[in-house]
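The primary structure of each chain is shown beneath.
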Amino acid sequence: MSEEHRGIWVFAEVIDGAIAGVSLELLGAGRELADKLDVPLAGVLLGENITHLSEQLIPYGADEVYIIDDPVLKDYRTEPFLAGMGKLARMYVPEIILYGATPNGKDIASAIATDLKTGLTADCTMLGVDIENRLLEASRPAFGGNIMATILCKKHRPQMATVRPKVMKALQPDPARKGMVLKEKLEMKEAEIRTKVLEIIKGPGKSVDLEGADVIVCGGKGMGDEQAFQLIHQLADTIGASVGGTRDAVEARWISHDHQVGQTGETVTPKIYFAIGVSGAIQHTVGMKNSELIIAINKDPDAPIFDVATYGIVGDARETVPVMIKAFEELLRENEVISHA
Amino acid sequence: MHIVVCVKQVPDTKVIKINPKTNTLDRRGVPSIINPYDAHAVQEAVHLKRQHGGKVSVLSMGPPQATAVIKKSIEIGADEGYLISDRAFAGADTLATSYALTKALEKISKTSPIDMVFCGKHAIDGDTGQVGPGIAKRLDIPPITNISAITKVTKDYVELQRKLQDGYAHIRSTLPCLITIEKEINEIEYAPFPNMLKAVNYQPVVWSIDHLEDVDRKQLGLKGSPTVVGKMFAPPKQEGGHRLEGTPEEQVVQLVEVLKEKQYLFHFNKG
Ligand SMILES: Cc1cc2nc3c(=O)[nH]c(=O)nc-3n(C[C@H](O)[C@H](O)[C@H](O)COP(=O)(O)OP(=O)(O)OC[C@H]3O[C@@H](n4cnc5c(N)ncnc54)[C@H](O)[C@@H]3O)c2cc1C
């Protein structure tokens, strides 16, 4: 480690020709850290024909954009991306690099950490900084409890973390913001690269769209059995919501893993989130606590889910949900009458 | 074809219960299991061996009890197992873990060259997924993560289906390479009886640090781990909610009223 390491970088992931949402969120989080440490915030942009995307990064908080625009970087592959990031990191020596905890973000971060022999914290949900010691405080739910752990990398630079999508907030873009663009080259020939992308097939990788849902009804182990879990589907059908499940509901095979919300499932931010028979363990709540309105039904008045819920109903879900379904059905019928009148 | 699968022993998080009142972990009677993703990786290697011949080895790092996950791999159909076990490995983070495993892989490949290294997508106790790509970097072979299907295998290259956020990439890689395995790649088969018998008495090759070559001790275990746990803290309390009161019917009526008032019903039935 040396005094030379300065500045905070965000790996700007490109998906379908645009900057990934999580990268914009990280610029928001990175801006705060950069201001505290009084250093510039940079976006790092690798790809083919992506130079114009720097215009998307600066309004969201970047002071600098490092670019390598090269045909070998067309689709993500570890080797050329590692070569590119590794080269930039060695030339410009940042003190912190943040990556989205996406398949590609995690892949590149792991490779770079080994290349630069530095520490990497996975799947963070909170970021802070110890200004005096210039330490990144990367926090994540700890294995083994309803508890968070802050991971530090004291002696190695850069300090690195992957961060869950949708837990940080992007800034309002400011089109007037100015920034500096720096282009570098990658001396790597296609023939040197041992992997080829033959084809990319979009969708239906995910059959369940939880991320885009406005309303989610999530059922937990408290539903009791598979049959009662059908109430979750019925409620969701009634109001046009997507269905989510806790890991315990998934393990019980009441619902498939692609519906799982939480640390090892999806992070979601719908307008309305129903948590029904869900205890509210930290590994679950990190995936849903930024929902706009949270409605919890639990028979235990002390269940931790009530700490994150906007409205809490203490009671037996198997009794309450049918009442709810009926009430919403009536309501939607009324509304229809009104809107058609 | 020689495939080496890295397997880890983990606590069965399925049965770990967190006491929500005290925030503590109930460790009583929590069994140790093979990391589920690693079991799928062993199964996949065994499939490939059936089709293309060759040998499946498994490698684990851990205390002597980790022999159990090697036995489990033998049940699934692995041919041989290696356990690296030494105090010097303890407390390793992902960087130090990938270093130790790489040293063992180098030793294995001296007598029996490796065509592919398989790892699970991640371990269910740490969820990092960082060790696989770390090993690949150290061995200087390409890593391809999140593999949901192996579609073609020749003696020079493999074709793989890599899971992305919203779809798949079809990838060709030269051999040797390292891949990390998704659960959906296969179903774990019932272990054939002869494998179970073999597993019962199976003893893996056990290596301590002195068996490995060219080892820089500073890169191992706690000493070789750049990350440390700073503090542990209770998750920040949200402002918390408004409790509704009364019978289920009364509570639902109140809820409907608030939703109406706040115009949240808009979001219903949008499809
Ligand atoms: C490494 C790791 C990763 C994890 N990742 C995730 C993840 O991604 N997502 C996730 O959800 N979990 C995850 N977990 C598990 C998490 O810690 C909890 O165990 C899990 O969320 C609990 O699920 P649950 O709320 O459905 O079940 P429980 O904790 O069993 O809670 C059931 C709740 O239902 C209530 N209840 C019971 N009967 C009724 C009834 N009739 N009416 C109303 N309420 C009732 C009970 O009071 C209780 O609060 C992870 C754990 C670990 C260790």
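Higher on the page you've got the structure.
What counts as what
- Residues numbered from 1 in each chain as written.
- Chains lettered and ligands numbered in written order.
- Predicted model: local features only at pLDDT ≥ 70, side-chain atom pairs only at ≥ 80, totals over all residues.
- Heavy atoms only, no water.
- Phe/Tyr/Trp six-rings, centres within 6.5 Å; stacked < 30°, edge-to-face > 60°.
- Helix = DSSP H or I, 4+ residues; strand = E, 2+ residues; numbered from the N terminus.
- Buried < 20%, exposed > 50% of the residue type's maximum accessible area, 1.4 Å probe, protein only.
- Axes fitted to C-alpha atoms, helices over the stretch in contact; angles between N-to-C directions.
- Parallel < 35°, antiparallel > 145°, perpendicular 65-115°, else oblique.
- Left-handed = near helix turned anticlockwise from the far one by under 90°.
- Contact = heavy atoms within 4.5 Å.
- Near = heavy atom within 4 Å.
- Areas by Shrake-Rupley, 256 points an atom, 1.4 Å probe, with all protein chains shown as cover.
- Nonpolar A, V, L, I, M, F, W, Y, C, P; charged D, E, K, R; others polar.
- Buried area = accessible area lost by both parts, 1.4 Å probe.
- Salt bridge = Lys/Arg side-chain N within 4 Å of Asp/Glu carboxyl O.
- Polar contact = N/O pair within 3.5 Å; in protein donor to acceptor, adjacent residues only side chain to side chain.
- Pairing = 2+ DSSP bridges.

A word on the packing of aromatic side chains. Residue and element names in this part refer to chain A. Inspection of every chain in the model, using the stated rule, returns 9 aromatic pairs over all chains. Taking the centre distance of 5.8 Å and the plane angle of 45 degrees together, the rings of Phe-229 and Trp-254 count as tilted. Of this pair, Phe-229 sits in helix α5 (residues 226–239) while Trp-254 sits in the loop between α6 (247–251) and β16 (272–276), and the two are 25 residues apart along the sequence. Each member of the pair, Phe-229 as well as Trp-254, carries the same accessibility label: buried. For the ring pair Phe-274 and Phe-328, a centre distance of 6.2 Å and an interplane angle of 70 degrees mean the geometry is edge-to-face. Taken together, the positions of Phe-274 in strand β16 and Phe-328 in helix α9 (residues 317–340) put the pair 54 residues apart, joining distant regions of the chain. With respect to class, Phe-274 is no different from Phe-328; both count as buried.

Our next topic: the packing of helix α3 (residues 94–111) of chain B against helix α4 (residues 131–139) of chain B. When two helices pack together, their arrangement is given by the angle between the helix axes and the distance between those axes. All names here are of chain B. Put simply, α3 and α4 touch, their axes get as near as 9 Å, and they point 50 degrees apart. On the basis of their axis angle, the class for α3 and α4 is oblique. Note on packing geometry: the crossing formed by α3 with α4 is right-handed. Mapping the contact onto sequence places Thr-94, Leu-95, Thr-97, Ser-98, Tyr-99, Leu-101, Thr-102, Leu-105 and Glu-106 in α3 and Val-131, Gly-134, Ile-135, Arg-138 and Leu-139 in α4.

What follows is about the site of the ligand. Within the structure, the ligand sits among 29 residues, and Lys-221, Thr-246, Thr-264, Ser-279 and Asn-298 of chain A are positioned closest to it. Close to the ligand, residues of chains A and B are found. Protein contact buries 88% of the 990 Å² of open area that the ligand shows by itself. Looking at the shell around the ligand, the elements with two or more residues in it are α6 and α7 (282–285) of chain A together with β3 (17–19) of chain B. Split by residue class, the shell around the ligand holds 7 nonpolar, 14 polar and 8 charged.

Bringing the interface of chain B and chain A into the picture now. Each side of the interface is counted separately: chain B has 80 residues, and chain A has 96 residues. At the boundary of chain B with chain A, total buried surface from both sides reaches about 7,500 Å², with 60% on carbon and sulfur atoms. In this structure, the connection of chain B to chain A is made through 3 salt bridges. Close ionic contact of Lys-137 of chain B with Asp-115 of chain A constitutes a salt bridge, the shortest N to O distance being 3.8 Å. At the boundary of chain B and chain A, one finds 20 residue pairs in polar contact (both at pLDDT 80 or more). At 9 residues, the largest contribution of residues to the side of chain B that touches chain A is made by helix α6 (residues 248–261) of chain B. Partitioning the side of chain B that touches chain A into residue classes produces 33 nonpolar, 26 polar and 21 charged. As paired elements, strand β10 (residues 148–153) of chain A and strand β14 (residues 227–233) of chain B share 5 bridges and run antiparallel to each other.

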